[in-house]
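A look at the structure
Residues per chain, in single letters:
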Amino acid sequence: MSDSPPGIDLMQTLTVNLGDRSYPIYVGDGILSKAGDFLQRAGLRGKVAVITNPTVAQLYLDTVHESLSGAGFDVTPVLVPDGEQHKDLRSLSVIYDRLIAERLERQSCVLALGGGVVGDLAGFAAATFLRGIAYVQLPTTLLAQVDSSVGGKTGVNHQEGKNLVGAFYQPRLVLIDVAVLQSLPRREFIAGLAEVIKYGVIEDPALFKLLEEEIGKLTSLDRALLTQVIATSCAIKAKIVEQDERENDYRAVLNFGHTVGHALEAATHYQKYLHGEAVGIGMAQAAAISAQQGFCDQRSLERIRKLIKKAGLPLEIPREVSMQNLIQSMEMDKKSAGGKIKFVICTGIGKTRFHALSPGEILTALGA
Ligand code: NAD
Ligand code: GLY
């Protein structure tokens, strides 16, 4: 694209088309050090609050700060503690305090530098501060790069449940630098791959095949392949969000593997699995249910299971997890309506349909 700064290797640009809330996503190697140029070219000016955590700040805050200052921005770093337990109203309040103390204005902006926790928090702060100021996503985990930074879901957890307080609020810009994945713990990277596999299963047989052939190269962090795979994943998510921004209908397809995955995370008190690991199991089980219900052929089921395993993700619900706990967690899921869950069924690689199932029916289908 002509309005992008030079010097980014292999950059791919896409757009989330949502009328006057449309925004670009840039994916490439070395984008972080050009963040200031990207923001400036997006028409942003003045004060920027960079929301991050100590882990990510230590690695990348100086580079981002320097780039933003160099482009004329007045930068305020705001650190929140690292961890899902800090995606809460208390951290939000700390952020508001700093935005007020530093006199950010309507024209100012927030930049989320971190994984999904920072992105969801910063996005919700931006959605609500002064009734909404611009924000930029600079995601630094694979999960955040392919999922949470795109689509405008923002929010925080409540003691009664995850993501209970939030807003749909789209960013102005998403900047994805594949180089930052070098420092990401391997377990986090592999967990992020679950969402990439999900896109292949629900929408894109060519992506699925590429993953089958090149998963080794991807886990070795080949930057050209990462750029291609992350851009393809974002394009799939963008297309789904464009059709159904507020998840009234089709966006729920993104929950493939998440019904069992979420229940498993809750049943194990969010201690045993990273989100993507639980989604790996959830996708294997959703594919098995799809085959058991007569929607999915055995060959596709085998391919899905094989790829999840090849990626290094788990496939099976551990014996120690009680089925009763899983049912209870599914019943609590805020996405269930009238006792039935809009379960995402896979009808082959790249094809899905919805099927209403009760938690009990899901467990019976699992052979529990
Ligand atoms: P995370 O934000 O907790 O990051 C995982 C860990 O990696 C953290 O310790 C973080 O400090 C560290 N880290 C981040 N980038 C790093 C890097 N480049 N190098 C080294 N360490 C790095 O976890 P996550 O998996 O990115 O995000 C999970 C969150 O995302 C959950 O709160 C979930 O609800 C949310 N989410 C939101 C959406 C959405 O659409 N908004 C979608 C999916 C998930
Ligand atoms: N992560 C699911 C969604 O954005 O809708």
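These figures come from a predicted structure and were not determined experimentally. (Residues numbered from 1 in each chain as written. Chains lettered and ligands numbered in written order. Predicted model: local features only at pLDDT ≥ 70, side-chain atom pairs only at ≥ 80, totals over all residues. Heavy atoms only, no water.)

Notes on the site of ligand 2
Residues in contact with ligand 2, as listed here, are Asp147, Lys153, Lys237, Glu247, Arg251 and Leu254. Contact distances for ligand 2 include 3.1 Å between a nitrogen atom and a side-chain N or O atom of Asp147. Between ligand 2 and Lys237, the relevant distance is 2.6 Å, taken from an oxygen atom to a side-chain nitrogen or oxygen of the residue. Coverage of ligand 2 by the protein chains reaches 85% of its 200 Å² of free accessible surface. Classifying every residue of the shell around ligand 2 gives one nonpolar, no polar and five charged. (Near = heavy atom within 4 Å. Polar contact = N/O pair within 3.5 Å; in protein donor to acceptor, adjacent residues only side chain to side chain. Areas by Shrake-Rupley, 256 points an atom, 1.4 Å probe, with all protein chains shown as cover. Nonpolar A, V, L, I, M, F, W, Y, C, P; charged D, E, K, R; others polar.)

Some points on the environment of Leu130
Checked against the element boundaries, Leu130 lands in the loop between helix 4 (116-128) and strand 6 (134-139). In sequence terms Leu130 and Glu105 are 25 residues apart; their C-alpha atoms lie 7.6 Å from each other. With residues near it in sequence (within four places) discarded, Leu130 still touches Leu104, Glu105 and Arg106. (Helix = DSSP H or I, 4+ residues; strand = E, 2+ residues; numbered from the N terminus. Contact = heavy atoms within 4.5 Å.)

Comments concerning the pairing of strand 11 (residues 351-357)
Bridge analysis of strand 10 (residues 341-348) against strand 11 gives seven bridges, and the strand direction is antiparallel. From the neighbouring strand, Val344 faces strand 11, where its bridge partner is Phe354. In this antiparallel pair of consecutive strands, strand 10 and strand 11, the connection spans two residues, and Gly350 shows a positive phi of 90 degrees. (Pairing = 2+ DSSP bridges.)

Some words on unusual backbone geometry
Notably, Asn163 is not glycine yet its phi reads approximately 55 degrees, a positive angle. Mapped onto the fold, Asn163 is located in strand 8 (residues 161-168). Accessibility expressed as a relative area gives 33% for Asn163, which makes it partly exposed. Its identity is not glycine, yet Leu221 carries a phi of approximately 65 degrees, on the positive side. Within the secondary structure, Leu221 sits in the loop between helix 7 (205-219) and helix 8 (223-243). (Buried < 20%, exposed > 50% of the residue type's maximum accessible area, 1.4 Å probe, protein only.)

Let's talk about the side chain of Asp147
Note on placement: Asp147 falls in helix 5 (residues 142-148). Relative accessible area serves as the criterion here: at 13%, Asp147 is assigned to the buried category. Setting aside residues up to four positions removed in sequence, Asp147 forms contacts with Glu195, Lys198, Tyr199 and Lys237.

Some details on helix 3 (residues 89-101)
Taking 1.5 Å as the rise per residue, helix 3 with 13 residues should run 18 Å; its terminal C-alpha atoms sit 18 Å apart, in good agreement. Note on helix 3: the residue one or two positions beyond its end, Arg103, has a positive phi of about 55 degrees. (Expected span 1.5 Å × (residues − 1).)

A few points about the pattern of salt bridges
Considering all chains together, one arrives at 17 salt bridges under this definition. Between Glu247 and Lys153 there is a salt bridge whose closest N-O contact spans 2.5 Å. Of this pair, Glu247 sits in the loop between helix 8 and helix 9 (258-267) while Lys153 sits in strand 7 (residues 153-158), and the two are 94 residues apart along the sequence. Salt-bridge contacts for Glu316 lead to Arg305; the nearest nitrogen and oxygen are separated by 2.6 Å. One end of the pair, Glu316, is in the loop between helix 11 (298-310) and helix 12 (323-332); the other, Arg305, is in helix 11, and 11 residues separate them in sequence. Here Arg305 falls in the partly exposed class, since its relative accessible area comes to 26%. The network of salt bridges with common partners includes Asp20, Arg21 and Glu245. (Salt bridge = Lys/Arg side-chain N within 4 Å of Asp/Glu carboxyl O.)

Some remarks on the pairing of strand 8
Two elements, strand 7 and strand 8, share five bridges in a ladder whose sense is antiparallel. Note on strand 8: the bridge partner recorded for Lys153 is Phe168. A loop of two residues connects strand 7 with strand 8, the two strands running antiparallel in sequence.

Some words on the environment of Gln40
By the secondary structure assignment, Gln40 is in helix 1 (residues 35-41). On a C-alpha basis, the gap between Gln40 and Leu68 in space is 8.8 Å, while along the polypeptide they are 28 residues apart. Those residues in contact with Gln40 that lie beyond four places of it in its chain are Arg45, Ala71 and Phe73.

Some thoughts on the environment of Ala167
Checked against the element boundaries, Ala167 lands in strand 8. Taking C-alpha positions, Ala167 is 9.6 Å from Arg246, a pair spaced 79 residues apart along the chain. When sequence neighbours within four positions are dropped, the list of residues in contact with Ala167 reads Phe124, Ala127, Gly152, Lys153 and Thr154.

A look at the packing of helix 7 against helix 8
The contact between helix 7 and helix 8 brings their axes to 11 Å, and the two run at 145 degrees. The way helix 7 lies across helix 8 gives a crossing that is left-handed. Across from Leu207, Leu210, Leu211, Glu214, Lys217 and Leu218 in helix 7, the residues of helix 8 making contact are Leu225, Leu226, Gln228, Val229, Thr232, Ser233 and Ile236. The class makeup of the residues in the contact of helix 7 with helix 8 is eight nonpolar, three polar and two charged. (Axes fitted to C-alpha atoms, helices over the stretch in contact; angles between N-to-C directions. Left-handed = near helix turned anticlockwise from the far one by under 90°.)

Quick look at the site of ligand 1
The local shell around ligand 1 holds 26 residues, among which Glu84, Gly116, Thr140, Thr141 and Ser183 are the closest. Here an oxygen atom of ligand 1 sits 2.8 Å away from a polar atom, N or O, in the main chain of Gly116. About the coverage of ligand 1: the protein hides 86% of its 860 Å² of free accessible area. Elements with a minimum of two residues in the shell around ligand 1: helix 2 (54-70), helix 4, helix 5 and strand 8. Looking at the shell around ligand 1, the element that brings in the most residues is helix 2, giving four residues. Residue composition of the shell around ligand 1, by class: eight nonpolar, nine polar and nine charged.

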